[in-house]
Amino acid sequence: MPHFHIDYSANLEEVLDMSGLCEAIRSTATQIETFPTAGIRVRATRVDHYAIADGDQKHGFIDLSVRLREGRPDVVKEDAIARIFAALKDYAAPAMAEHSIALSAEMRDIDAALSPKFGNIRDHMRDRT
């Protein structure tokens, strides 16, 4: 863990490179000590059906959900979400200069007892961290 899930309005498809945004989030997350590199997952899902503010279709959104295993102190989580949200804002800034876009983020703890995990990614990583 952590898992990053980006929901974004379909009208941003031509405005922002979502693969680039995923990479920006991943890259930032690897610099945050509390996030083990092997556990980082970033994905983006285009939302085709949405309604925003006054209903004008020019408005778009990016909503970032961060899920991570419980147990980290609040101060660590607050620092982490601030750094991740800053990366999102920085990446979106050029598009926001010309388009109406709302950004949001939320971090949630996952109960480890109710979230089994298994994988061998660490076995296949170059530096095995």
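Residues numbered from 1 in each chain as written. Predicted model: local features only at pLDDT ≥ 70, side-chain atom pairs only at ≥ 80, totals over all residues. Heavy atoms only, no water.

Visitor: Can you walk me through the layout of surface pockets in this structure?
Guide: Gaps left between atoms show up when a probe the size of a water molecule is rolled over them. In this structure, the largest pocket occupies an estimated 290 Å³ of space. Forming the boundary of the largest pocket are 14 residues, of which A38, R41, K117, G119 and R122 lie nearest the centre. Among the elements that make up the lining of the largest pocket, the one with the highest residue count is helix α3 (residues 121-124) (3 residues). Considering only residue class, the lining of the largest pocket consists of 5 nonpolar, 4 polar and 5 charged. (1 Å grid on protein atoms, 1.4 Å probe; cavity = no way out; pocket = protein on both sides within 12 Å on 5 of 7 lines; lining within 4 Å. Points joined across faces, edges and corners; volume = space filled by probe spheres on them. Helix = DSSP H or I, 4+ residues; strand = E, 2+ residues; numbered from the N terminus. Nonpolar A, V, L, I, M, F, W, Y, C, P; charged D, E, K, R; others polar.)

Visitor: Before we go on, may I ask you to explain the nonpolar core in this structure?
Guide: A general tendency of soluble globular proteins is for nonpolar side chains to be buried together. Counting residues in hydrophobic clusters, the biggest one holds 23 residues, and the most contacted among them are F4, I25, F35, I62, L64 and I84. Counting residues per element, the ones that place at least two in this core are β1 (3-9), α1 (18-30), β3 (60-69), α2 (74-96) and β4 (101-110). With 5 residues, the single largest contributor to this core is α1. In this structure I25 touches F4, I6, V42, L64, I84 and L88, once residues within four positions along its chain are discounted. (Core = buried A, V, L, I, M, F, W, Y, C linked by side-chain atoms within 4.5 Å. Buried < 20%, exposed > 50% of the residue type's maximum accessible area, 1.4 Å probe, protein only. Contact = heavy atoms within 4.5 Å.)

Visitor: So what exactly am I meant to see when it comes to the packing of α1 against α2 here?
Guide: Describing two packed helices takes the angle between their axes plus the distance from one axis to the other. At a minimum axis separation of 9 Å, α1 and α2 run at an interaxial angle of 150°. Relative to α2, the element α1 is oriented roughly antiparallel. Crossing of α1 over α2 shows right-handed handedness. Across the interface between the two elements, G20, L21, A24, I25, T28 and A29 from α1 touch R83, I84, A87, L88 and Y91 from α2. A class-by-class count of the residues in the contact of α1 with α2 yields 8 nonpolar, 2 polar and 1 charged. (Axes fitted to C-alpha atoms, helices over the stretch in contact; angles between N-to-C directions. Parallel < 35°, antiparallel > 145°, perpendicular 65-115°, else oblique. Left-handed = near helix turned anticlockwise from the far one by under 90°.)

Visitor: Looking at this structure, I do not really get the packing of aromatic side chains. What am I missing?
Guide: For any pair of aromatic rings, the description consists of the separation of the ring centres together with the inter-plane angle of the planes. Scanning the model with the defined rule gives 2 aromatic pairs in all. Residues F4 and F35 carry aromatic rings whose centres are separated by 5.8 Å and whose planes lie at 85° to one another, so their mutual orientation is edge-to-face. Note that F4 is positioned in strand β1 and F35 in the loop between α1 and β2 (41-47), a separation of 31 residues in sequence. Between Y50 and F61 the ring centres are 5.9 Å apart and the planes differ by 75°, which places this aromatic pair in the edge-to-face class. One end of the pair, Y50, is in the loop between β2 and β3; the other, F61, is in strand β3, with 11 residues separating them in the sequence. (Phe/Tyr/Trp six-rings, centres within 6.5 Å; stacked < 30°, edge-to-face > 60°.)

Visitor: Please clarify how the pattern of salt bridges should be interpreted in this entry.
Guide: Opposite charge on two side chains permits pairing when their charged atoms draw close. Applying the stated criterion across every chain, the model contains 7 salt bridges. In this structure, R46 and E13 form a salt bridge, with 4.0 Å as the shortest nitrogen-oxygen distance. Residue R46 is located in strand β2, and its partner E13 is located in the loop between β1 and α1; the two are separated by 33 residues in the primary sequence. Residue class for E13 comes out partly exposed when judged on its relative accessible area of 33%. A salt bridge links E23 to R26, with the shortest nitrogen-to-oxygen separation between them at 2.6 Å. One end of the pair, E23, and the other, R26, are both in helix α1, 3 residues apart, so they sit about a helical turn from each other. Taking relative accessible area as the criterion, R26 reaches 33% and is therefore assigned partly exposed. The structure contains a network of salt bridges with shared partners spanning E13, R46 and D48. (Salt bridge = Lys/Arg side-chain N within 4 Å of Asp/Glu carboxyl O.)

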